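Now for the letters of each chain:
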Amino acid sequence: MLKKVDSSQLKVGMYIHDLSCDWMTHPFVRNRFLLSSEDEIRKIINAGIHDVVIDNDKGLDVQDAPTLAEAQAATEREIVEIATKSPIVTRVSLGEEMQRAVQIRHQASTLVRTVMQDARLGKAVELDQVSPVVENITESILRNPGALVGLLRIKTKDDYTFLHSVSVCTLLVAFCRSRNFEAERTHQAGLGGLLHDTGKALVPDKILNKPGPLTDEEFAIIKRHPKDGYDILLKSPEIGPIPLDITLHHHERRDGSGYPEKLGGDGISELAQMAAIVDVYDAITADRCYHKGMSAAAALRKIYEWSKFHFNPQYAQEFMRCVGIYPVGTMVMLESGRLGVVVEPHETNLLAPKVNVFFNTKQNLYIKPETVDLSRGLGFGGGDKIVGHESPSKWNVDPMRFLSLN
């Protein structure tokens, strides 16, 4: 049986089923293993991992610990309570914005690739080329955030590094807008999001693209990238303090377990804390050569759990309201047995978005795609509800094909 336990309860002889953290923070070459020494327990605690999942069929038990299913059910109840504040209101339909979003995605990823190449050559970042791209991303977010955000969930291992930066920029701009930040501060945050991983230009490709867990020595090299990026951006005299701060501190954590300066609590700026949430969210939803990305809905629930220690809980909840409890592009199961992909959040009810349905699981066949507004009643384009989010690989379907019916 799988159980959720606090790291302080760990003992030698327990079997770790899941370290319950993002893949770039734990110091182990595997995620599942039998605890064989006190040193391994110390490494888990020192990595800022506060709770883990154990399998008591393969190792020692903690009698009063909740089962994983009980812990997940409790989290789900709390998530539903969060779904009370209006998400972003869109100006145009997803279909209208999608074509522009495709162009912006290409333009932005090409720019990030150029920035990385220049950084390797020791050149300064040319902000007059970066700013217009951030403006285009911001304008797309204003029209319909779901188009670009949904599109950027599609990444390959070859373009991950570049598209991750575009995603962080896009999500951070949307996050700032949902919190009603002024335009210039939002723009500066967008610059920071687009440039936050510039320091990875100095990380050898064999480490950056390694198809497996990193050694301690390789991880130490990766952990230099925030400071390297900060130093690279300092070469641009017109760079502002916000992009510098985001670049240097997006891996800091509120419990002091982050890097490079091990800042904690409010010693980390508001925007750097917001960027940390966005950075982790995008990283754990992406397919990489060494792990399969989780769904956006599952990632939000992980962010919520980790916010007890690593992130500001208020910011984590506001980010969830920003992207939606079921973000655009999420594949969901409806009570009717139909599968669909979320295409637009409802203005006041995050649990009742618009969904493009395309598959009937009871009959195991594709159906004519149609848009269902879950906020409406039976006979008015609705009459159904979400019972959970689904893994596309489980059903061997690509929900992104049905992101737009236009």
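The paragraphs below set out a description of the structure included in this document. Since the model is a prediction, treat every value here as computed from it, not as a measurement.

Cut-offs applied
- Residues numbered from 1 in each chain as written.
- Predicted model: local features only at pLDDT ≥ 70, side-chain atom pairs only at ≥ 80, totals over all residues.
- Heavy atoms only, no water.
- Core = buried A, V, L, I, M, F, W, Y, C linked by side-chain atoms within 4.5 Å.
- Buried < 20%, exposed > 50% of the residue type's maximum accessible area, 1.4 Å probe, protein only.
- Helix = DSSP H or I, 4+ residues; strand = E, 2+ residues; numbered from the N terminus.
- Contact = heavy atoms within 4.5 Å.
- Axes fitted to C-alpha atoms, helices over the stretch in contact; angles between N-to-C directions.
- Parallel < 35°, antiparallel > 145°, perpendicular 65-115°, else oblique.
- Left-handed = near helix turned anticlockwise from the far one by under 90°.
- Nonpolar A, V, L, I, M, F, W, Y, C, P; charged D, E, K, R; others polar.
- Expected span 1.5 Å × (residues − 1).
- Phe/Tyr/Trp six-rings, centres within 6.5 Å; stacked < 30°, edge-to-face > 60°.
- Salt bridge = Lys/Arg side-chain N within 4 Å of Asp/Glu carboxyl O.

What about the nonpolar core?
Here comes step 1: One finds Val130, Ile137, Leu194 and Phe319 to be the most contacted residues of the largest nonpolar core, which totals 93 residues.
Here comes step 2: Examining the composition of this core, we find that 11 residues originate from one element, helix 6 (residues 160-178), more than from any other.
Here comes step 3: Those residues in contact with Phe319 that sit more than four places away from it in its chain are Leu171, Phe175, Ile277, Val278, Tyr281 and Leu300.
Here comes step 4: By size, the runner-up hydrophobic cluster in this structure holds 16 residues, among which are Leu19, Ile49, Val62 and Ala65.

Here we look at the packing of helix 13 (residues 296-306) against helix 14 (residues 313-323)
Here comes step 1: Where helix 13 contacts helix 14, the two axes come as close as 9 Å, and the packing angle between them is 165°. By the angle class used here, helix 13 and helix 14 are roughly antiparallel. The element helix 13 and its partner helix 14 pack so that their crossing is left-handed. Contacts between helix 13 and helix 14 involve Leu300, Ile303 and Tyr304 on the former and, on the latter, Ala316, Gln317, Phe319, Met320 and Val323.
Here comes step 2: The residue inventory of the contact of helix 13 with helix 14, partitioned by class, reads seven nonpolar, one polar and no charged.

Concerning helix 12 (residues 270-285)
Residues separated by three or four positions in an α-helix point in the same direction, a consequence of the helix having 3.6 residues per turn.
Here comes step 1: Taking 1.5 Å as the rise per residue, helix 12 with 16 residues should run 22 Å; its terminal C-alpha atoms sit 23 Å apart, in good agreement.
Here comes step 2: With 14 of 16 residues buried, helix 12 lies mostly within the body of the structure.

Here we look at the packing of aromatic side chains
Here comes step 1: Taken as a whole, this structure holds eight aromatic pairs when the rule is applied.
Here comes step 2: Ring geometry for Phe359 and Tyr366: centres 5.0 Å apart, planes at 80°, overall edge-to-face.
Here comes step 3: When its relative accessible area of 6% is taken as the criterion, Phe359 is described as buried.
Here comes step 4: Look at Tyr366 and you get partly exposed, because its relative accessible area is 41%.

Observations regarding the pattern of salt bridges
Here comes step 1: Evaluation of the coordinates by the stated rule reveals 21 salt bridges.
Here comes step 2: When the shortest N-O distance is used, the salt bridge between Glu305 and Lys4 registers 3.4 Å. Within this pair, whereas Glu305 is found in helix 13, its partner Lys4 is found in strand 1 (residues 2-6), the two being separated by 301 residues in sequence. No difference in accessibility class separates Glu305 from Lys4, as the two residues are buried.
Here comes step 3: Between Arg143 and Glu97 there is a salt bridge whose closest N-O contact spans 2.6 Å. Linking Arg143 in helix 4 (residues 127-143) with Glu97 in helix 3 (residues 94-120), this pair joins segments that are 46 residues apart in sequence.

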